[in-house]
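# Remarks on the overall topology
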Amino acid sequence: MIEFKLPELGENIEQGDLVRLMVAPGTTVSTGQSVMELETDKAVVEVPSSVSGTVQEIRVKEGDKIKVGQVIFTVDGAEAKAPAEPAAKAATAAPASVSQKAPAVSSTPAQPPVAAVPAPAQPVATTSGPSEFKLPELGENISQGDLVRLMIAPGTKV
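Below is a summary of the structure that appears in this document. The structure displayed is predicted, hence computed values, not measured ones.

### Considering the overall build of the chain
Summing up its helical and strand segments, the chain has one helix and ten strands in all. For the chain, the succession of helices and strands along the chain, N to C, is β-β-β-β-β-β-β-β-α-β-β. Relative to its 158 residues, the chain shows a buried fraction of 30%. The long-range share in the chain, meaning contacts at least 24 apart out of those at least 6 apart in sequence, stands at 56%. On the chain, roughly 10,400 Å² of surface is accessible, and the fraction owed to carbon and sulfur atoms is 52%.

Okay, structure coming up:
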């Protein structure tokens, strides 16, 4: 049995309120699958699983204040994968794991900062030719944003 604990979410973020739990006992989860939404003082964050297996026990409930390192649920028949970097850094490096509010991304000036939503899991390409990366849906009523920094260059392997 393996415990899934709340991973580090970024600098100075030590806890958050559980908005929505996306798993239940008996649910099969895989590494990288979003398993919960957590509201911090800076953003609503989708937290991906670092384990795969069948959920056995849920140790939190919606509305709970959860701290980094706290056990969220346990899985049986699990494989754990240590995150290569904290979730917030992963969001900066490749917008696939955590959403954070950023003043640079807004749909209209009258709205407060909005959360960038992680890209859905992309299917593995079976061809070796080039493929396009398209900006994923960023959330309700968000149709555009300002590119702050592009972190790849032609020839970079991703």
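### Some words on the sheet that holds strand S4 (residues 34–39)
Across the sheet, four strands lie side by side as S5-S4-S2-S7; this open sheet has antiparallel pairing. Each edge of the open sheet carries a strand with a single partner, namely strand S5 (44–48) and strand S7 (65–67). Along the sheet, successive strands turn relative to each other by an average axial angle of 45°, direction set aside. Relative to S4, strand S2 (residues 15–21) runs antiparallel, the two being bridged by four bridges.

### So, the side chain of Thr40
Along the chain, Thr40 falls in the loop between S4 and S5. Judged by relative accessible area, Thr40 falls into the buried class, the value being 9%.

### Structural notes on the pairing of S4
With five bridges joining them, S4 and S5 adopt antiparallel strand pairing. By the bridge assignment, Met36 is partnered in S5 with Val47. Here S4 folds back onto S5, and the loop between the two strands holds four residues.

### A few points about a nonpolar patch on the surface
Among the surface-exposed residues, Leu147, Leu150, Ile152 and Val158 lie close enough to one another that they form a single nonpolar patch of about 500 Å² accessible area. Locating Ile152 in the fold gives a position in the segment after strand S10 (114–115). On the accessibility criterion, Ile152 (48% relative accessible area) is partly exposed.

Procedures and definitions
- Residues numbered from 1 in each chain as written.
- Predicted model: local features only at pLDDT ≥ 70, side-chain atom pairs only at ≥ 80, totals over all residues.
- Heavy atoms only, no water.
- Helix = DSSP H or I, 4+ residues; strand = E, 2+ residues; numbered from the N terminus.
- Buried < 20%, exposed > 50% of the residue type's maximum accessible area, 1.4 Å probe, protein only.
- Contact = heavy atoms within 4.5 Å.
- Areas by Shrake-Rupley, 256 points an atom, 1.4 Å probe, with all protein chains shown as cover.
- Pairing = 2+ DSSP bridges.
- Axes fitted to C-alpha atoms, helices over the stretch in contact; angles between N-to-C directions.
- Patch = residues over 30% accessible without salt bridge, like charges linked within 9 Å, V, L, I, M, F, W, Y side chains within 5 Å.
- Salt bridge = Lys/Arg side-chain N within 4 Å of Asp/Glu carboxyl O.

Keep in mind these numbers describe shape, not what the thing actually does.
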